[in-house]
Amino acid sequence: DSTGYPLLNGLPVLNTTNCTVSMFTEDQIYDICGSSYEILRTWSVRNMCLPLSSTNPITHTQIIKVLDKSGPKLGICPDDMLISTVAWSCDGETPLPLPDKIEEECGYDGEITFNAKIYGGGKLEVTGSVNGGDLEVYAYGLDKGREQTVIYEFSDECGNTSTCTFKIHIEDLTPPTAIATSDIIVSLTGSDENSAAKLFAVDVDNFSHDNCSDVYV
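Residues numbered from 1 in each chain as written. Predicted model: local features only at pLDDT ≥ 70, side-chain atom pairs only at ≥ 80, totals over all residues. Heavy atoms only, no water.

Observations concerning the nonpolar core
It is characteristic of soluble globular proteins that their nonpolar side chains tend to be buried jointly.
Working step 1: If you look at the biggest cluster of nonpolar residues, it comprises 20 residues, and the most contacted ones within it are Leu 96, Phe 114, Tyr 152, Phe 154 and Ile 168.
Working step 2: Those elements giving two or more residues to this core turn out to be strand E7 (81-84), strand E10 (113-119), strand E12 (136-143), strand E13 (147-155) and strand E14 (161-171).
Working step 3: Broken down by element, the residue count for this core peaks at four residues, all from E14.
Working step 4: In contact with Leu 96, other than residues within four places in its own chain, are Met 81, Leu 124, Val 137, Ala 139, Val 150, Tyr 152, Phe 166 and Ile 168. (Core = buried A, V, L, I, M, F, W, Y, C linked by side-chain atoms within 4.5 Å. Buried < 20%, exposed > 50% of the residue type's maximum accessible area, 1.4 Å probe, protein only. Helix = DSSP H or I, 4+ residues; strand = E, 2+ residues; numbered from the N terminus. Contact = heavy atoms within 4.5 Å.)

A closer look at the state of the cysteines
Working step 1: In the structure shown here, the tally under the stated rule is two disulfides.
Working step 2: Each disulfide pairs two cysteine sulfurs, and for Cys 33 the partner residue is Cys 158, the sulfurs being separated by 2.1 Å. Looking down the S-S bond of the Cys 33 and Cys 158 bridge, the torsion is 115 degrees, so its handedness is right-handed. Taken together, the residues span a long stretch of sequence, with Cys 33 in strand E3 (residues 21-33) and Cys 158 in the loop between E13 and E14 at a distance of 125 residues.
Working step 3: Sulfur-sulfur distance for the disulfide between Cys 77 and Cys 164 comes to 2.0 Å. One end of the pair, Cys 77, is in the loop between strand E6 (73-74) and E7; the other, Cys 164, is in strand E14, with 87 residues separating them in the sequence. (Disulfide = S-S within 2.5 Å.)

Quick word on the pattern of salt bridges
Working step 1: Counting across every chain of the model gives four salt bridges.
Working step 2: With its nearest N and O atoms 2.8 Å apart, the salt bridge here joins Arg 41 to Asp 27. Linking Arg 41 in strand E4 (residues 36-47) with Asp 27 in strand E3, this pair joins segments that are 14 residues apart in sequence.
Working step 3: What makes Arg 41 buried here is its relative accessible area of 17%. (Salt bridge = Lys/Arg side-chain N within 4 Å of Asp/Glu carboxyl O.)

A short note on the sheet that holds E4
Working step 1: Strands sit in the order E3-E4-E5 across an open sheet of three strands; the sheet is antiparallel. At either margin of the open sheet sits one strand with a lone partner, and together these are E3 and strand E5 (58-66). Between one strand axis and the next, the sheet turns through 15 degrees on average, direction left out of account.
Working step 2: Of the pairings in the sheet, the one linking E3 to E4 comprises 12 bridges and is antiparallel in character. Note that in E4 the partner of Thr 25 across the bridge is Trp 43. (Pairing = 2+ DSSP bridges. Axes fitted to C-alpha atoms, helices over the stretch in contact; angles between N-to-C directions.)

Comments concerning a nonpolar patch on the surface
Working step 1: The grouping of Ile 184, Val 186 and Leu 199 at the surface amounts to a nonpolar patch, some 240 Å² of accessible area in total.
Working step 2: Tracing the backbone shows Ile 184 in the loop between E14 and helix H1 (201-204). (Patch = residues over 30% accessible without salt bridge, like charges linked within 9 Å, V, L, I, M, F, W, Y side chains within 5 Å. Areas by Shrake-Rupley, 256 points an atom, 1.4 Å probe, with all protein chains shown as cover.)

Quick notes on the packing of aromatic side chains
Aromatic rings in a pair are described by how distant their centres are and how their planes are angled relative to each other.
Working step 1: Counted according to the given criterion, the structure contains four aromatic pairs.
Working step 2: Look at Tyr 152 and Phe 154: their rings are 6.3 Å apart centre to centre, the planes differ by 80 degrees, and that puts the pair in the edge-to-face class.
Working step 3: Residue classification places Phe 154 among the buried residues on the basis of a relative accessible area of 0%.
Working step 4: Grouping aromatic residues by their ring pairs yields a cluster made of Phe 114, Tyr 152, Phe 154 and Phe 166. (Phe/Tyr/Trp six-rings, centres within 6.5 Å; stacked < 30°, edge-to-face > 60°.)

Structure follows, in structure tokens:
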């Protein structure tokens, strides 16, 4: 009913009282993309009080388009992240979270393509797929002291796209690695209970190091 009926003298043909009207409809359904489709509905309306002719019945084709214009439905996007540089270099790397829900808006079980971008430095490695249920994103080479912006793009088969954006902050939260020299032997000065020895920090340090800066002892 929502697609309407032909009018005869301004009234829907189903409600007309003019003589006797017969009606026939035929639908042709054409797939477009995803859950979108087009219906070509041919209406044939005949005035049964008149003989058959080139104008009786009257034929008209109605075009009905059912279009999916919404991108995939996403749950809650990831919150902004604070991560530390890794122990062996002065940049960051981490697996990235995904929205808690990713599904087609119209309930159509079609292909959802995924694209991830990062701005501000660093790289992304994407494995798996949305439809396969094994999608994973890993970020690496993230520069310390910079803010990176990650943008997820989820697209359906009709090209409708939903996006999700969050930021990554990189700080050096890893303390220096302290390494001390073992089995140090010192000589005492003096021969009584007040004897003493000198031991300097540089004598104890055995190449202590930090992933991002010099180490001071």
